[in-house]
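Coordinates in review
In case you want the letters, here they are:
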Protein chains: 2
Amino acid sequence: MTTITATLQQFKQHLADLARLSQAAALLNWDLETGMPRKGAAARAEALGLLSGEIFTRFVSPQTAEALAALTAPGVTLDATDAALVRVTRRDYDKSQAIPPALVREIATVAGQAQPAWEQARHDNTFAPFVPYLTRLLALKCEVADIVGHRGNRYDALLDDYEPGLTAAALIPLIADLRRELVPLVDAIIDRQQSQPAPAVPAVPVEAQRALALALLDLLHFDSDAGRLDASAHPFSITIAPGDHRVTTRFDVADFRSSFFSVLHECGHALYELGIPAALQLTPLADGASMAIHESQSRFWENVVGRSRPFLAFVLPLLQRHCPALAAWSADDLFRSANSVRRSLIRTEADEVTYNLHVMLRFELENELLGGRLAVTDLPAAWNDRCRALLGCTPASDREGVLQDVHWAHGSFGYFPSYMLGNLYAAQLTDALRRDLPDFDTLLARGDTQAPLAWLRDRVHRHGRMLEPHELMLRATGSAPDSRHFLAYLRSKFLGDARS
Amino acid sequence: MTTITATLQQFKQHLADLARLSQAAALLNWDLETGMPRKGAAARAEALGLLSGEIFTRFVSPQTAEALAALTAPGVTLDATDAALVRVTRRDYDKSQAIPPALVREIATVAGQAQPAWEQARHDNTFAPFVPYLTRLLALKCEVADIVGHRGNRYDALLDDYEPGLTAAALIPLIADLRRELVPLVDAIIDRQQSQPAPAVPAVPVEAQRALALALLDLLHFDSDAGRLDASAHPFSITIAPGDHRVTTRFDVADFRSSFFSVLHECGHALYELGIPAALQLTPLADGASMAIHESQSRFWENVVGRSRPFLAFVLPLLQRHCPALAAWSADDLFRSANSVRRSLIRTEADEVTYNLHVMLRFELENELLGGRLAVTDLPAAWNDRCRALLGCTPASDREGVLQDVHWAHGSFGYFPSYMLGNLYAAQLTDALRRDLPDFDTLLARGDTQAPLAWLRDRVHRHGRMLEPHELMLRATGSAPDSRHFLAYLRSKFLGDARS
């Protein structure tokens with residue numbers, strides 16, 4: 001047993017060093033998107049390429065393999081946490097060791113160059129200069145998918161990175177079902193909202209929005225000594241290290257709602273990682289169970305809480321204090337403004353009813369790109385066609401279309417379905433939470449988010465990556481993931497069925 | 001020759017990877033001092049410890065030794081740049097390989113903990129909680145000095161890191177000479193200034209000071225696409241990577257001059273590194289010739305230019321645009337305010353006449369600490385005694401005394417003399433510059449800093465670390481470094497001897 005104890009200790013030290021190198025990479029990435037001077041881009045891409053390669057090489061080294069072999073040898077017994085650590089690390093190792101380090105380094109380098117190229121292309125509103133970067137990244141990710149292996153659909157190999165065990169074949173009928181229900185629901189809701197249009201949104205200066213954002217973070221119990229808020233082209237949340245969780249937002253003077261809700265969203269991600277216990281830190285268990293589970297946390301705070309009638313009524317005076325231009329708004333005005341359903345172009349600003357249609361669009365295009373059935377140069381036209389079919393509107397420019405998301409510039413193909421699943425999971429978790437906290441609405445009406453946060457900490461956060469996503473949902477909610485909770489939530493909220 | 005070409009190429013690739021890891025460490029350090037959340041401190045110290053250890057281990061690896069051996073073998077001829085690269089790397093290697101990697105890692109870890117401890121101690125105005133950190137760092141640096149080797153004075157081993165070849169024995173008489181001249185000069189200048197006191201300094205809001213700082217950076221041709229300005233407890237300048245040079249400042253509402261001059265100072269450091277040619281980047285030659293040469297650049301822009309009568313007269317309207325509270329000031333008011341000589345406590349805010357006395361104080365204390373003739377717990381009292389003797393005033397608190405500088409929290413013992421030498425070198429370089437640019441004052445009077453910057457680029461910046469500091473001064477000015485240029489500069493400026 002002494003040997004196993006020593007092996008475990010060395011294994012954890014090895015993983016902790018890997019986590020520390022990842023902290024450096026995380027900071028380089030955060031800085032790249034928040035404040036890095038433009039001319040530092042080339043060097044940053046090279047530095048990130050080197051670091052990613054180093055992390056990868058160390059992870060797939062014999063040191064990892066030998067420790068895993070020793071810790072899974074017959075007769076070795078481990079406690080639940082250590083067993084989960086070995087299981088999760090084994091899974092990551094098996095996937096990773098198949099990929100040559102040079103390929104990993106090249107992807108990081110190209111992604112580091114693609115990010116500023118995407119920003120420039122988006123700024124210039126022209127897709128063409130981004131084509132070579134996206135083409136290269138796509139080819140590299142196809143290579144990865146083929147190396148990792150799949151049963152005929154490259155998409156599955158990439159999706160598995162975000163949603164362990166999920167396949168495109170399982171997603172396609174789920175999406176078809178959801179689409180069949182959603183499209184008429186969008187019609188019904190838009191029809192109903194026409195009689196009560198939301199008020200016009202006044203301009204709100206950036207500084208007022210920043211102060212409001214900080215107040216919202218405070219209200220959600222985001223620890224300002226363990227995090228910070230910055231501006232970036234695309235809002236995101238990133239954990240640099242234990243005790244250092246950063247969120248970003250994009251301030252739009254013409255529409256304060258953009259930052260208001262993205263701050264709640266990113267804070268939801270940060271609260272998840274803030275809730276992971278110290279015992280799991282500096283190991284692969286210190287992460288979300290899956291991207292969809294992560295997204296369920298951001299959607300819970302952004303939509304279930306943030307766009308609810310009681311929370312918005314509570315928050316109105318705070319909002320008015322920071323934004324005097326909203327002085328004449330009633331709680332009902334704010335609710336309508338926060339929940340206006342539109343056929344719109346930008347995913348990150350879509351309402352919660354049409355949002356999943358944006359995801360379906362991306363899933364279909366990614367699946368075709370990876371399958372070689374769609375060329376990168378044909379992407380803008382395909383995007384616009386699909387947008388019309390799903391959402392009933394067409395981008396006037398690539399900035400509002402194919403160039404709106406940063407994901408592909410990061411090489412993150414297969415990520416988008418997690419957003420959709422996150423919406424479904426958030427609704428399902430909320431139904432379970434309401435069983436334990438029947439006064440949920442009353443709590444929100446007085447801005448008390450402590451009890452819901454404690455519930456999520458207990459059911460979701462504290463497990464880190466110890467439970468598989470399916471198992472986590474089953475334990476937390478009592479049933480396997482499905483879409484009926486989400487559809488019931490939408491019908492209740494927007495059409496007044498049952499709960500209103 | 002093909003073999004040597006290949007060896008050189010591999011060697012440069014190896015050094016470039018080291019430079020990239022150093023870029024990550026630089027960003028972690030920058031972030032630590034600018035925006036890192038407080039609770040991230042422990043993890044950051046560990047991450048920096050790991051990275052420093054990794055950089056160190058790779059640098060002292062057989063890969064470096066074998067390349068150096070091959071490139072210095074009989075019959076190998078290299079061009080001037082490659083020869084300098086091999087010489088400088090050999091020197092660094094010989095010093096570094098003597099030190100065990102575990103010691104390097106420990107120093108980085110302790111320094112990472114000492115920095116927030118120093119900030120807290122300074123905030124709380126109490127030295128005691130900082131004692132264990134400083135004691136540990138001092139012991140570790142003594143260990144380094146003894147390992148590197150010296151002829152009886154540990155100070156020399158550490159000083160050599162900043163000023164190659166210089167010794168305490170050479171500094172002591174230089175300091176004694178300078179002190180002998182300076183002390184009566186301070187008396188004479190203070191006496192003379194009493195008849196014309198500077199005007200009271202009005203409060204200036206932080207945002208106005210920030211806008212002014214950005215305008216000053218612009219005036220000095222600091223490329224805002226290749227750098228940024230932030231606030232930190234102690235102003236500093238850091239190169240993250242080629243194309244990414246960052247300066248920080250500390251805004252004091254009650255005294256805009258603090259940030260005004262520290263921005264010029266830090267910008268001078270950044271301009272030096274911005275002026276290092278692309279061909280030297282990602283090698284050990286992409287650095288200043290020595291810390292004193294570096295400091296000569298910051299002092300040139302801060303004092304020789306920034307505190308000169310013609311530049312201040314030019315900059316007054318700009319200053320008044322950003323700071324309306326200064327509307328009534330004349331150019332003479334500004335000159336007097338910028339050049340007021342006082343017996344003061346804070347080094348970074350000392351005038352250029354008394355500044356070197358602050359350095360002498362630190363040199364003496366460091367020399368005694370390293371020699372074991374002074375205990376860390378006795379440091380505050382020793383500081384206060386020495387301050388009275390040299391500067392004629394006594395700190396009322398540790399914050400104004402022994403806790404004012406961050407250097408010891410970084411483990412940077414032996415660094416302070418470079419500040420003094422920087423002042424001497426700046427004056428000597430200026431005398432050479434005036435020979436080539438006799439209309440220097442006229443240029444400054446119209447805010448034209450292009451020609452002096454081009455002169456410095458040619459004589460100093462473009463060489464990076466290719467020339468030894470002594471050689472660089474000799475080539476740039478025609479004479480070996482001395483203190484007479486500096487003393488003549490002070491007499492001329494403050495007592496109106498010769499040039500006024």
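Residues numbered from 1 in each chain as written. Chains lettered and ligands numbered in written order. Predicted model: local features only at pLDDT ≥ 70, side-chain atom pairs only at ≥ 80, totals over all residues.

**Overview of the relation of the copies chain A and chain B**
This is how the line gets drawn: C-alpha atoms of residues with pLDDT of at least 70 in both copies form the basis for the least-squares superposition of the copies. Here contacts are defined at the residue level, using C-beta atoms placed from the backbone and a cut-off of 7 Å between them.
After a rotation of 180° and a shift along the axis of 0.0 Å, chain A superposes on chain B with an RMSD of 0.0 Å. Classification of the inter-copy transformation places it as that of a two-fold axis. Residues of chain A ranked by C-alpha distance from the rotation axis are headed by alanine 24 of chain A, positioned 3.2 Å from it. Of all interface residues in chain A, 100% are interface residues in chain B too; the two copies therefore contact each other through one and the same surface.

**Considerations on the sheet that holds strand S1 (residues 227-231) of chain B**
All names here are of chain B. We apply this condition: Strands qualify as paired when DSSP identifies two bridges or more between them. For helices the rule is a DSSP run of H or I covering at least 4 residues; for strands it is a run of E covering at least 2, with both sets numbered from the N terminus onward. The axes are straight lines fitted to the C-alpha atoms, using for helices just the contacting stretch, and the angles between their N-to-C directions are given from 0 to 180°.
With mixed pairing, three strands are arranged side by side in an open sheet as S1-S3-S2. Each of the sheet's edge strands pairs with one partner strand only, and the pair in question is S1 and strand S2 (237-241). Strand-to-strand twist in this sheet, taken as the mean axis angle between neighbours without regard to direction, amounts to 25°. In the sheet, S1 pairs with strand S3 (residues 244-249) via five bridges, with the strands oriented parallel. Its bridge partner being in S3, glycine 227 is matched across the sheet by histidine 245.

**Digging into unusual backbone geometry**
All names here are of chain A. Quick reminder of the rule: Comment: burial labels come from other C-beta atoms within 10 Å of the residue's own C-beta, placed from the backbone, where a count of 20 or more is buried, 12 or fewer is exposed, and between is partly exposed.
With a phi angle near 65°, histidine 221 is a residue other than glycine that sits in the positive phi range. Checked against the element boundaries, histidine 221 lands in the loop between helix H9 (206-219) and strand S1 (227-231). Its 13 C-beta neighbours within 10 Å are what place histidine 221 among the partly exposed residues. The residue leucine 282 is not glycine, and still its phi comes out positive at about 65°. Along the chain, the position of leucine 282 falls in the loop between helix H10 (256-274) and helix H11 (291-305). Of the residues examined, leucine 282 has 21 C-beta atoms within 10 Å and is grouped as buried.

**Concerning the interface of chain A and chain B**
Many authors give the size of an interface as the accessible area that is lost as the parts come together. Worth spelling out the cut-off: Just so you know the grouping, Ala, Val, Leu, Ile, Met, Phe, Trp, Tyr, Cys and Pro go in nonpolar, Asp, Glu, Lys and Arg go in charged, and all remaining residues, Gly too, go in polar.
Tallying the contact residues gives 30 residues for chain A and 30 residues for chain B. Contributions of two or more residues to the side of chain A that touches chain B are made by helix H1 (2-34), helix H2 (41-59), S1 and strand S2 (237-241) of chain A. Examining the composition of the side of chain A that touches chain B, we find that eight residues originate from one element, H1 of chain A, more than from any other. In terms of residue class, the side of chain A that touches chain B is built from 15 nonpolar, five polar and ten charged.

**Describing helix H20 (residues 484-495) of chain B**
All names here are of chain B. Here is the rule: Given the number of residues in a helix, its expected span is that number minus one, multiplied by 1.5 Å. Our arc is simply the arc of the directions from the helix axis toward the C-beta atoms.
The end-to-end C-alpha distance of H20 is 15 Å, a good match for the 16 Å that twelve residues give at a rise of 1.5 Å each. Within H20, burial applies to His485, Phe486, Tyr489, Leu490, Lys493 and Phe494. One side of H20 holds all its buried residues, which, seen down the axis, span an arc of 135°. Within two residues after H20, glycine 496 carries a phi angle of roughly 70°, on the positive side.

**A word on the sheet that holds S1 of chain A**
Residue and element names in this part refer to chain A. Spatially, S1-S3-S2 is the arrangement adopted by the three strands of the open sheet, whose pairing is mixed. A single partner strand is all that each edge strand has here, and the edge strands are S1 and S2. In this sheet, adjacent strand axes meet at a mean angle of 25° when their direction is disregarded. Bridging between S2 and strand S3 (residues 244-249) involves four bridges; their strand directions are antiparallel.

**Details of helix H7 (residues 154-162) of chain B**
Counting buried positions along H7 of chain B gives seven out of nine residues, so the element sits mostly inside the fold. When H7 of chain B is considered as a whole, its buried residues turn out to be Arg154, Tyr155, Asp156, Ala157, Leu158, Leu159 and Tyr162 of chain B.

**Quick word on the domain arrangement of chain A**
Residue and element names in this part refer to chain A. Put simply, the rule is: For the domains described, the bounds stem from an automatic or database domain assignment.
What the domain assignment lists for chain A is domain 1 (2-149) and domain 2 (168-495). Inter-centroid distance (C-alpha atoms) of domain 1 to domain 2 is 26 Å. Opposite the 37 residues of domain 1 that make contact, domain 2 presents 33 residues. Listed by contribution, the elements that provide at least two residues to the side of domain 1 that touches domain 2 are H1, helix H4 (80-97), helix H5 (101-124) and helix H6 (131-148). Here the side of domain 1 that touches domain 2 gets eleven residues from one element, more than from any other, and that element is H1. Of the residues contributing to the side of domain 1 that touches domain 2, the split by class is 22 nonpolar, nine polar and six charged.

**Brief notes about the pairing of S3 of chain A**
Within a regular strand, the side chains alternate between the two sheet faces. Residue and element names in this part refer to chain A. The buried count for S3 comes to six of six residues, which makes it a mostly enclosed element. Residues of S3 alternate between two faces, with Asp244, Arg246 and Thr248 on one and His245, Val247 and Thr249 on the opposite face, all of them buried. Linking S2 to S3, which pair antiparallel, is a turn of two residues; within it glycine 243 sits at a positive phi near 85°.

**Some remarks on the packing of H5 of chain A against H6 of chain A**
Packed helices, taken two at a time, are described by the angle between their axes plus the distance between the axes. Residues and elements named next belong to chain A. Our working rule: Each angle gets one of four labels, with under 35 degrees taken as roughly parallel, over 145 as roughly antiparallel, 65 to 115 as roughly perpendicular, and the rest as oblique. If you view the pair so one helix is near and one far, a crossing is left-handed when the near helix is turned anticlockwise from the far one by less than a right angle, and right-handed when it is turned clockwise.
Direction vectors running N to C along H5 and H6 enclose 155°, while the axes themselves pass 10 Å from each other. The angle between the axes of H5 and H6 places the two elements in the roughly antiparallel class. Judged by the twist between their axes, the crossing of H5 over H6 is left-handed. Residue-level inspection shows Leu103, Glu106, Ile107, Val110, Ala111, Gln113, Ala114 and Ala117 of H5 in contact with H6, the latter providing Tyr133, Leu134, Arg136, Leu137, Leu140, Glu143 and Val144.

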